[in-house]
Amino acid sequence: MNETQICPLAQALDIIGDRWTLLVVRDLLQGKSRYNEFSHSAENIPTNILANRLKRLLEQGLVEKTAYQQRPVRYQYHLTAKGAGLLPVIQQLAQWSQQHYPQCKNIPAEFFQLTVKQALQHQRSEP
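Residues numbered from 1 in each chain as written. Predicted model: local features only at pLDDT ≥ 70, side-chain atom pairs only at ≥ 80, totals over all residues. Heavy atoms only, no water.

A few points about the overall build of the chain
Argument step 1. When helices and strands are counted, the chain shows eight helices and two strands.
Argument step 2. Listing each helix as α and each strand as β along the chain from the N terminus yields α-α-α-α-β-β-α-α-α-α.
Argument step 3. In terms of C-alpha radius of gyration, the chain reaches 15 Å, essentially the compact-globule figure of 14 Å for 127 residues.
Argument step 4. If you line up the chain on its principal axes, its C-alpha atoms span 45 × 45 × 30 Å.
Argument step 5. Burial analysis of the chain (127 residues in total) assigns 31% to the buried set.
Argument step 6. Look at the contacts in the chain between residues 6 or more apart in sequence, and 51% of them connect residues 24 or more apart.
Argument step 7. Accessible area of the chain: about 8,400 Å², with a carbon and sulfur share of 53%.
Argument step 8. For the chain, the distance from the average position of its 14 positive side-chain charges to the average position of its 10 negative side-chain charges is 5 Å. (Helix = DSSP H or I, 4+ residues; strand = E, 2+ residues; numbered from the N terminus. Rg over C-alpha atoms; globule rule 2.2 N^0.38 Å. Buried < 20%, exposed > 50% of the residue type's maximum accessible area, 1.4 Å probe, protein only. Contact = heavy atoms within 4.5 Å. Areas by Shrake-Rupley, 256 points an atom, 1.4 Å probe, with all protein chains shown as cover. Lys, Arg positive; Asp, Glu negative; His and termini not counted. Charge placed at Lys NZ, Arg CZ, Asp CG, Glu CD.)

So, in structure tokens, the structure goes:
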């Protein structure tokens, strides 16, 4: 099939359609940037899956990484504008879930007020 004939929703799901990828993006939006921070999230993402999802996000241009330590080399991750563009999608999914599944944890109102521009500025201002 020609790539231009792929359904846009199918294309998006190929990139971000599993449980873990959007949770990593959520963590990035909430200020996490280092591997150990992601691995300590409440969902307990297995380390092999975390490494795979970060690699895929890098390959797709949703995330970039910079070294913060040289020996051993360790990286911090930040969303690109393309990755931060997922914020409204994640906000809508969270609102939908809270509306239809009341047993879900309430997300702070600040998260729903966050804009893509603010998310990108916050990430650029971190050490």
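Some points on the pattern of salt bridges
Argument step 1. Under the defined criterion, the tally for this structure stands at five salt bridges.
Argument step 2. Between Arg53 and Asp18 there is a salt bridge, with the nearest N and O atoms lying 3.0 Å from each other. Highlighted residues: Arg53 in helix α4 (residues 47–59) and Asp18 in the loop between α1 (8–16) and α2 (19–29), separated in sequence by 35 residues.
Argument step 3. Judged by its relative accessible area of 13%, Arg53 falls in the buried class.
Argument step 4. Across the pair Arg26 and Glu43 runs a salt bridge whose closest N-O atoms are separated by 2.9 Å. Taken together, the residues Arg26 in helix α2 and Glu43 in the loop between α3 (35–39) and α4 connect sequence positions 17 residues apart.
Argument step 5. On the basis of relative accessible area, Glu43 is assigned to the partly exposed category, the value being 26%.
Argument step 6. Here the residues in one salt-bridge network are Arg26, Asp27, Lys32 and Glu43, joined through shared partners. (Salt bridge = Lys/Arg side-chain N within 4 Å of Asp/Glu carboxyl O.)

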